[in-house]
Amino acid sequence: MTNGFPPGFTWGAATASYQVEGAVSTDGRGPSIWDTFAHTPGRISDGTTGDVADDHYHRFSEDIRLLADLGLTAYRFSIAWPRIVPAGSGVTNPAGLAFYRRLAETCLDNGVTPYATLYHWDLPQPLEDAGGWLVRDTAEHYRDYAAVTHAALSDVIKHWMTLNEPWCSAFLGYGSGEHAPGRTEGTDALKAVHHLLLGHGLTLDAIRSDEGSYGIALNPAPIHAASESAADRDAARRIDGLRNRLFLEPLLAGKYPADVLEDTGTTDWFGQFEADLPVIGAPLDFIGVNYYCPTTVAAPDGPVSSPGGPTTQPGSENVVAVDTGLPRTQMGWPIQARGLRDILVTINKLAPDLPLYVTENGAAYPDELTAAGTVEDDERQAYFEQHLAVCRELVSEGLPLKGYFAWSLMDNFEWAYGFSRRFGIVYVDYETQARIVKKSGRWLQQFLTS
Ligand code: FCB
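Reading the values: rules and limits
Residues numbered from 1 in each chain as written. Predicted model: local features only at pLDDT ≥ 70, side-chain atom pairs only at ≥ 80, totals over all residues. Heavy atoms only, no water. UniProt positions renumbered as here; feature names shortened; annotations may be inferred. Helix = DSSP H or I, 4+ residues; strand = E, 2+ residues; numbered from the N terminus. Buried < 20%, exposed > 50% of the residue type's maximum accessible area, 1.4 Å probe, protein only. Pairing = 2+ DSSP bridges. Contact = heavy atoms within 4.5 Å. Polar contact = N/O pair within 3.5 Å; in protein donor to acceptor, adjacent residues only side chain to side chain. Core = buried A, V, L, I, M, F, W, Y, C linked by side-chain atoms within 4.5 Å. Axes fitted to C-alpha atoms, helices over the stretch in contact; angles between N-to-C directions. Left-handed = near helix turned anticlockwise from the far one by under 90°. Nonpolar A, V, L, I, M, F, W, Y, C, P; charged D, E, K, R; others polar. Expected span 1.5 Å × (residues − 1). Near = heavy atom within 4 Å.

Per an unreviewed UniProt entry, the protein goes by the name Beta-glucosidase and belongs to Kribbella turkmenica. Its UniProt record gives the protein a comment under Sequence similarities (unreviewed entry), which states: "Belongs to the glycosyl hydrolase 1 family." Of the comments in the UniProt record for the protein, the one headed Catalytic activity (unreviewed entry) reads "Hydrolysis of terminal, non-reducing beta-D-glucosyl residues with release of beta-D-glucose."

Spelled out as structure tokens, the structure:
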């Protein structure tokens, strides 16, 4: 038992390719939508790009050794599609496959189990030029890339996640435009949802085998109404529909939620693709949950001037996120560990025996190096303590929670925030690429080894 967790519980940390690797033109990697987006002035708040990031492409051995030294035994990383198939479709790049083989083998040599995500947002730019996730072909190209990757690496990687947070890919990428490719396509963003989920299903069909374990990482979150008023409760229904049910129901119950399609006027469009539902709903070996915070919403009487956060999806224009007074991280995200319980229990009700993992959980704070060269991130440590306490309770109640991955192993390129948000349990000095384990990392190490 590790502090009340059963033996065999998976302890890991997570990263994603564009956020940490750098080496964007090395060994035949093609451009992705994040290269284009980050190099577009005004898109990244601090004007930075992922060109170098943590230079993980060259330093992964050191980083994996560090992860193992912390007592962690699993590494969730993502595979960059543009390294494997640089143009998105067509020719495979052996150097890309060789890189991830070295990475996976280095994990294994250090007693670390690799958990690979096949798509953590770096769509090859040529596919975006051909329509991106708004077109069906992208799902098929994704399946082809995933099949090549799996065939080449399934001897060293046994745990696979198809997509990371398709909600973000669709609604931040094609709805609000806050993420690459930065498009604001209104209701058409729902087409991206379908094509992402179809890509997931086609991929599962192509790669699933008894030798491995196959899942998807979602970012569901509890959605609360700010009051008992009919308008606020309806706002909560709509946001819960877009954030949670639009993904969980096709994956776990073989259907799209009718109210969401009605709210967004997409019933006819989705109706053409009923035959895809069995593909999307094919059996999973696990669901990964990336959890950061709950959301409370209201529908004010007057017009909403600047919708943001959960309200960037079509069908939610007159909804606002409400501050309920909870403490917040540097992202502005309210801290409520109970929300992790709520969302895991909700998924467990939909799929009672399905193994669950927390595939991301963590917090950004404005860390600074002390004169002694340490990072005293007590608030992040408290965040982990609170959320791990919830995990422990759920496991003891018999919920099939199988593992926990901290986001993130190390500070990295936080998408539209660039390097201005630090989530690591390891601090990265971007000038020197030095890695410094933060207090929260030391605490986790103690927790895991005591
Ligand atoms: C999640 C992303 C991950 C990271 C965290 C903070 O939405 O999956 O890459 O940026 O948020």
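Back to the text.
Engineer: What exactly am I supposed to notice about unusual backbone geometry here?
Structural biologist: Most peptide bonds are trans, and most residues other than glycine sit at a negative phi. Put simply, Ala-180 and Pro-181 share a cis peptide bond, and its omega is 5 degrees. Residue position: Pro-181 is located in the loop between α8 (166-172) and α9 (189-207). Residue Ser-408 follows Trp-407 across a cis peptide bond; omega there is 10 degrees. Mapped onto the elements, Ser-408 comes out in the loop between β11 (401-407) and β12 (426-429). With a phi angle near 50 degrees, Ala-53 is a residue other than glycine that sits in the positive phi range. Take Ala-53: it is sitting in the loop between α2 (33-38) and α3 (56-69). Phi angles above zero are rare outside glycine, and Glu-165 is one such case at about 45 degrees. Summarising the element assignment, Glu-165 is placed in the loop between β4 (159-164) and α8.

Engineer: Could you clarify how one ought to interpret the pairing of strand β8 (residues 295-298) in this entry?
Structural biologist: Regular strands place their side chains on alternate faces of the sheet. Of the two faces of β8, the one lined by Thr-295 and Val-297 and the one lined by Thr-296 and Ala-298 are each fully buried. Pairing of strand β6 (residues 223-225) with β8 involves 3 bridges; the strand directions are parallel. When the bridges of β8 are listed, Ile-223 appears paired with Thr-295. Two elements, β8 and strand β9 (residues 320-321), share 2 bridges in a ladder whose sense is antiparallel. Directly across from Ala-298, in β9, lies its bridge partner Val-320.

Engineer: Where do I start with the UniProt feature "active site" (unreviewed entry) in the protein in this structure?
Structural biologist: UniProt feature "active site" (unreviewed entry): in the numbering of this structure it lies at Glu-165 and Glu-360. A maximum C-alpha distance of 10.6 Å places the annotated residues, which cover 196 residues in sequence, within one compact spot. The class of Glu-165 is buried, set by a relative accessible area of 6%. Tracing the chain through its elements places Glu-360 in strand β10 (residues 356-360). Note on Glu-360: relative accessible area 4%, which makes it buried. Setting aside residues no more than four positions away along its own chain, Glu-360 makes contact with Arg-76, His-120, Asn-164, Glu-165, Val-289, Asn-290, Tyr-291, Tyr-292, Phe-405 and Trp-407. Only 3.2 Å separates the side chain of Glu-360 from the side chain of Asn-290, close enough to count as a polar contact.

Engineer: It is not clear to me how the nonpolar core should be interpreted in this structure. Could you clarify?
Structural biologist: Within soluble globular proteins, side chains that are nonpolar generally end up buried alongside one another. Ranked by size, the top nonpolar core spans 136 residues in total, and within it Trp-34, Ile-79 and Tyr-119 carry the most contacts. A total of 8 residues in this core trace back to one element, the largest contributor, which is α9. Discounting chain neighbours no more than four positions away, the residues touching Ile-79 are Ser-17, Ile-84, Tyr-100, Ala-116, Thr-117, Leu-118, Asp-122, Tyr-145, Thr-149, Leu-153, Ile-157 and Trp-160. One finds Ala-235, Ala-236, Val-297 and Val-319 within the second-largest nonpolar core, a separate group that totals 7 residues.

Engineer: For this particular structure, what's the right way to read the packing of α9 against helix α10 (residues 230-253)?
Structural biologist: For any two helices packed against each other, one specifies the inter-axial angle together with the distance between the axes. Where α9 meets α10, the axes come as close as 11 Å, and the angle between the chain directions of the two elements is 35 degrees. Crossing of α9 over α10 shows right-handed handedness. Along the contact surface, α9 presents Leu-190, Val-193, Leu-197 and His-200, while α10 presents Leu-246, Phe-247, Pro-250 and Leu-251. Class assignment for the residues of the contact of α9 with α10 results in 7 nonpolar, 1 polar and no charged.

Engineer: What is the right way to read helix α15 (residues 378-396) from this model?
Structural biologist: For the α-helix, the turn length of 3.6 residues means that residues three or four positions removed from each other point alike. Compared with an ideal rise of 1.5 Å per residue, which puts 19 residues at 27 Å, α15 spans 27 Å between its outermost C-alpha atoms and is within 8% of the ideal. Three or more residues of α15 are buried, namely Arg-380, Gln-381, Tyr-383, Phe-384, His-387, Leu-388, Val-390, Cys-391, Leu-394 and Val-395. Along its buried surface, α15 packs onto β1 (10-14), α14 (338-350), β10, β11 and α16 (439-449).

Engineer: Looking at this structure, I do not really get the site of the ligand. What am I missing?
Structural biologist: By nearness alone, every residue bordering the ligand is listed as Gln-19, His-120, Trp-121, Asn-164, Glu-165, Tyr-292, Glu-360, Trp-407, Glu-414, Trp-415 and Phe-423. Asn-164 has a polar side-chain atom sitting 2.9 Å from an oxygen atom of the ligand. Broken down by class, the residue content of the shell around the ligand amounts to 5 nonpolar, 3 polar and 3 charged.

Engineer: Teacher, can you tell me more about α9 here?
Structural biologist: The terminal C-alpha atoms of α9, which comprises 19 residues, lie 27 Å apart, in line with the 27 Å expected from a rise of 1.5 Å per residue. Counted residue by residue, α9 has 16 buried out of 19 residues, so it is predominantly covered.

Engineer: Can you walk me through the sheet that holds β9 in this structure?
Structural biologist: Strand pairing in a sheet is mediated by backbone hydrogen bonds. Such pairs are either parallel or antiparallel. In space, the 3 strands of this open sheet follow the order β6-β8-β9, with mixed pairing throughout. Two strands in the sheet have a free side with no partner beyond their single neighbour: β6 and β9. Contacts from α10 reach β6 and β8 within the one sheet, and its direction differs from that of β6 by about 170 degrees.

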